[in-house]
Amino acid sequence: MTPPSFRELVRSFLDLRWHLDPVAATQAGVRTHDARLGAFTRADVKAGVAALKAMSLAFEECETEVLADEIDQTAVLNDLRIATARFEKERPHELNPEFHLSHLLTALFSLMARADRPADERGLALAGRLAAAPRFLADAQTTLTRPARTFTETALQVAEGGRTLLAEGIPSFAERTGPQVRAALAVALPLARAALEDFIAFAAGELLGRSDGDFAIGRDQFDFHLHVEHALRETAPELLRYGEALVREVEAELERRAAELAPDLPWRALVERLRDQHPLADGLVDAYAGEMERAKRFVLDRGLAGVPDGALEVVATPDFMAPLIPFAAYDPPGAFAEARTGTFYVTVPRAGEPREHCVHELAATALHEGYPGHHLQHLRAHGLGSPVRRVVWTPLTVEGWALYCEEMMAEQGFYERPEAALFHHLYLLWRAARVVLDVRLHTLGMKEYEAATYLSDLLGISRASAEAEVRRYCVAPGYQLCYAVGRRELLRLREDYRVRAGAAFSLRRFHDEVLGYGGLPVALMRWGMGLGDA
């Protein structure tokens, strides 16, 4: 029998990916799994891991003939190895109730938010997922063992947003569908709501009582993520030293800039004062839209990167989505969807609610989320001929690219006011702190309260905000360091590219070549560009 070709294997890889995670299929614009939820009992996960290992073996035995395919093959193998290790060693299906809740709520939310599809089509799929929710949540109860307490507490917070989504959001969405779809939703919704309440009672009682596990994955598994998922050669201690040095460097720069703006104020006091300057609530969406258009025009006028067709709509977060988007969020076009429109949701504070959006932060947010950050990167990936580069990614590249863009746009003069430049450096300090805490929490035994104190003292943010940040760091080991480390890797790559190109160097050429790799690790870009090791 003739062994499958590389391209045939890629198709099989994608089929397996969508089968194991139908929510990811919906997000990618693949409609065939829209009515399904994933299956995460121990037996289901065991079967899934076996399939992942078989797929890895097939890719290992596949012969590729061109460098681009060899790079993609390496990316797929690393993706399969990480997925296998997560379920075999980190076991989120057994140790994190928020894993199950997020899967369910994202399954519902992603259908409701896909405005490029007819409402009735999405509504029927939504009814299918709601009908599957009772079994899904019952299976979760029997699968969960002894989570870390922070995971269970986070799940209970997420569940509150789920309550609102099911009680208000889905009925609001149903009003835009036809009679047949409304009837199907009316049957499935009460059962899903009852199942959610039952899961909440379980989590708040029995599960919380035995939530004495450890959130930290340990040094070996952490380094595995560094080497395999992010293709970094460094180990945790080396990255910790980098993060601590970056914290000191950026703090000194903040002190220098604050002294120029307000000589009598320490930089944290200045930032606190500036944070009180907000756009008017009724002009908040327009303020973000204006900054995103300015960022796009800046990129085009200076020839910093090619900008494919694909709109970025800035809209107020619908009421039914607000529980899941407390501040703002970017929703990219699906990797295989026909539509190329991204959406940036802005949650406008209601009367009496805290006003979180600061005028001096708009510019950095606009370029990070829009142009030339996440939206531009997604648009370029959407148009790539390689299916692998459309869907396989590491946060080292995706988050690293967006933070690199903040730096690059500062170099090019995008920040019009010194206050905006000050907040740009504050954001960099925040990302530097993430490197430190990511490593300390997961490999050095740091406690959550210690991490929250460090973050609150360093950034001058409230204790509640710091604690919410730290909960994110606990649940996603190796992710948070990717912003600052990815920025560093791209800056190093740019310098090596510049040296080789000499007088022929151009930012546009460099950026377009980087974006041609989608979200693959920077080390694989180096390989493809012939620039060797860093």
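This text goes with the structure placed above it.
Residue numbers run consecutively from 1 along every chain, following the written order of its sequence. Two thresholds apply to this predicted model, a pLDDT of at least 70 for residue-level local features and 80 or more for giving and counting side-chain atom pairs, whereas whole-chain, interface and lining totals are computed over all residues. The side-chain figures draw on all heavy atoms in the structure; neither hydrogens nor water molecules are used.

Visitor: Quick question: what am I supposed to make of the overall build of the chain here?
Guide: Looking only at helices and strands, the chain features 23 helices and 3 strands. Projecting the C-alpha coordinates of the chain onto the three principal axes gives extents of approximately 65 × 60 × 50 Å. Expressed as a percentage of the 534 residues in the chain, the buried residues total 54%. If you take every contact in the chain between residues at least 6 apart in sequence, the share linking residues at least 24 apart comes to 79%. What counts as a helix is a DSSP run of H or I of at least four residues, what counts as a strand is a run of E of at least two, and both are numbered from the N terminus. For every residue, the accessible area obtained with a 1.4 Å probe (protein chains only) is divided by the maximum for its type, and the residue is called buried under 20%, exposed over 50%, and partly exposed between those limits. Residue contacts are counted whenever heavy atoms from the two residues lie within 4.5 Å of one another.

Visitor: Would you explain the side chain of threonine 394 in this entry?
Guide: Positionally, threonine 394 belongs in the loop between α16 (387–391) and α17 (395–411). Exposure remark for threonine 394: the relative accessible area of 0% places this residue in the buried category. Aside from chain neighbours lying at most four places away, what touches threonine 394 is Glu229, His230, Gly519, Leu520 and Pro521.

Visitor: What should I look at first to understand the sheet that holds strand β1 (residues 312–316) in this one?
Guide: In a beta sheet, neighbouring strands pair by backbone hydrogen bonds and run either parallel or antiparallel. Should DSSP find at least two bridges between two strands, the strands are taken to pair. Strand order in the open sheet formed by 3 strands is β1-β3-β2, with mixed pairing between adjacent strands. In this open sheet, the two edge strands, each paired with only one partner strand, are β1 and β2 (328–331). The mean inter-strand angle of the sheet, taken between neighbouring strand axes irrespective of direction, is 15°. Across 5 bridges, the pairing between β1 and strand β3 (residues 342–346) is parallel. Paired with valine 314 across the strands is phenylalanine 344, a residue of β3. Lines are fitted to the C-alpha atoms to define the axes, a helix being fitted only along its stretch in contact, and any angle between axes, read from their N-to-C directions, falls within 0 to 180 degrees.

Visitor: Help me out: how do you make sense of the side chain of histidine 424 in this one?
Guide: Looking at the secondary structure, you find histidine 424 in helix α18 (residues 418–443). In this structure histidine 424 comes out as buried when scored by relative accessible area, which is 3%. When neighbours within four sequence positions are excluded, histidine 424 is seen to be in contact with Glu406, Glu407, Ala410 and Tyr415.

Visitor: Please explain the packing of α18 against helix α20 (residues 463–475) as it appears in this structure.
Guide: Each pair of packed helices can be summarised by the angle the axes make with each other and by the distance between the axes. Interaxial distance between α18 and α20 falls to 10 Å at its minimum, and their mutual angle equals 55°. Here α20 runs oblique to α18, going by the angle between their axes. When you trace α18 past α20, the crossing you get is right-handed. Residues Trp430, Arg434, Leu437, Leu441 and His442 of α18 lie in contact with α20, whose contacting residues are Glu469, Val470, Arg472, Tyr473 and Cys474. In what follows, roughly perpendicular refers to angles from 65 to 115 degrees, roughly parallel to angles under 35, roughly antiparallel to angles over 145, and oblique to any angle outside these ranges. Here a crossing is taken to be left-handed if its near helix is turned anticlockwise relative to the far helix by less than a right angle, and right-handed if that turn runs clockwise.

Visitor: Help me out: how do you make sense of the packing of aromatic side chains in this one?
Guide: The rule is short: rings of Phe, Tyr and Trp, with Trp giving its six-membered ring, pair when the centres are within 6.5 Å, and they are stacked under 30 degrees, edge-to-face over 60, tilted in between. The final tally for this structure, using the stated rule, is 16 aromatic pairs. Considering the side-chain rings of tryptophan 18 and phenylalanine 336, the 6.4 Å spacing of their centres and the 80° angle between planes classify their relative orientation as edge-to-face. Of this pair, tryptophan 18 sits in helix α1 (residues 6–20) while phenylalanine 336 sits in the loop between β2 and β3, and the two are 318 residues apart along the sequence. On the basis of relative accessibility, which here comes to 6%, the residue tryptophan 18 falls in the buried class. Through pairs of rings, three or more aromatic residues link up here, namely Phe40, Phe87, Phe99 and Phe136.

Visitor: Explanation requested: the nonpolar core in the structure shown.
Guide: A general feature of soluble globular proteins is that nonpolar side chains tend to end up buried together. Phe59, Met409 and Leu493 are the most contacted members of the largest nonpolar core, which totals 121 residues. For this core, the element with the highest residue contribution is α18, accounting for 15 residues. Discounting chain neighbours no more than four positions away, the residues touching leucine 493 are Phe510, Val514, Val522, Met525, Arg526, Met529 and Leu531. Working definition of a nonpolar core: buried Ala, Val, Leu, Ile, Met, Phe, Trp, Tyr and Cys residues. They are joined through side-chain atoms within 4.5 Å. Counting 40 residues, the second-largest nonpolar core is a separate cluster that includes Ala107, Ala140, Ala159 and Leu189.

Visitor: Before we go on, may I ask you to explain helix α13 (residues 284–301) in this structure?
Guide: Three or four residues apart is the spacing at which side chains of an α-helix point the same way, because the helix has 3.6 residues per turn. Between its first and last C-alpha, α13 extends 26 Å over 18 residues, near the 26 Å set by a 1.5 Å rise per residue. Among the residues making up α13, those that are buried are Leu284, Val285, Tyr288, Glu291, Met292, Ala295, Phe298 and Val299. The arc enclosing the buried residues of α13, seen along the axis, measures out at 155°, which places them on a common side. Exposed and oriented more than 90 degrees from the buried face of α13 are Asp286 and Asp301. Those residues of α13 that are buried lie in contact with β1, β3, α14 (362–369) and α17. Taken from the residues just after α13, glycine 303 is the one with a positive phi, measuring 60°. By definition here, a helix of n residues has an expected span of 1.5 Å times n minus one. Starting at the helix axis, one direction is taken to each C-beta atom, and the arc is that of these directions.

Visitor: Looking at this model, I keep getting lost on the pattern of salt bridges. Mind explaining?
Guide: Once the charged atoms of two side chains with opposite charge are near each other, the side chains can pair. Any Lys or Arg side-chain nitrogen found within 4 Å of a carboxyl oxygen on Asp or Glu counts as a salt bridge. As enumerated under the stated definition, the model contains 40 salt bridges in all. Here glutamate 160 ties to arginine 163 by a salt bridge, and the two come within 2.5 Å at their closest N and O atoms. One end of the pair is glutamate 160 and the other is arginine 163, both in helix α8 (residues 149–174) and 3 residues apart, which spans about a single turn. A relative accessible area of 40% places glutamate 160 in the partly exposed class. Overlapping salt bridges bring together Glu234, Arg488, Glu489 and Arg492 as one network.

Visitor: When you look at the environment of leucine 166 in this model, what are you seeing that I'm missing?
Guide: As for its position among the elements, leucine 166 is in helix α8. We classify leucine 166 as buried; its relative accessible area is 4%. Here the alpha-carbon distance between leucine 166 and leucine 196, two residues 30 residues apart in the chain, equals 9.2 Å. Contact partners of leucine 166, with chain neighbours within four places excluded, come to Leu105, Leu108, Pro171, Leu189, Ala192, Arg193 and Leu196.

Visitor: Would you take a moment to explain the state of the cysteines for this structure?
Guide: Here, the word disulfide means a covalent bond between the sulfur atoms of two cysteines. Disulfide: a pair of cysteine sulfur atoms within 2.5 Å of each other. Inspection of every chain in the model, using the stated rule, returns 0 disulfides. No disulfide involves cysteine 474; its nearest neighbouring cysteine sulfur is the one of cysteine 482, lying 16 Å away. In this model cysteine 482 remains outside any disulfide bridge; the closest cysteine sulfur is found in cysteine 405, 16 Å from its own.

Visitor: Sorry, what's going on with the packing of α1 against helix α4 (residues 67–90) here?
Guide: Running from N to C, α1 and α4 cross one another at 30°; their axes reach a closest spacing of 12 Å. Classified by the interaxial angle, the pair formed by α1 and α4 is roughly parallel. Of the two elements, α1 crosses α4, and the hand of that crossing is left-handed. Across the interface between the two elements, Phe6, Arg7, Phe13 and Arg17 from α1 touch Asp69, Asp72, Gln73, Val76, Asp79 and Leu80 from α4.

Visitor: What am I meant to see in the environment of valine 76 here?
Guide: You can see valine 76 is positioned in helix α4. Separated by 117 residues in the primary sequence, valine 76 and arginine 193 have C-alpha atoms spaced 38 Å apart. The residues contacting valine 76, other than those within four sequence positions of it, are Phe13, Phe59 and Val388.

Visitor: Please explain helix α19 (residues 448–459) as it appears in this structure.
Guide: Spanning 12 residues, α19 covers 16 Å between terminal C-alpha atoms, matching the ideal 16 Å at 1.5 Å per step. Looking at α19, one finds that the buried residues are Ala451, Ala452, Leu455, Ser456, Leu458 and Leu459. Buried residues along α19 sit in contact with α11 (236–261), α12 (267–274), α18 and α20. Looking at the residues trailing α19, positive phi occurs at glycine 460, about 70°.

No statement about biological role is implied by the geometric values presented.
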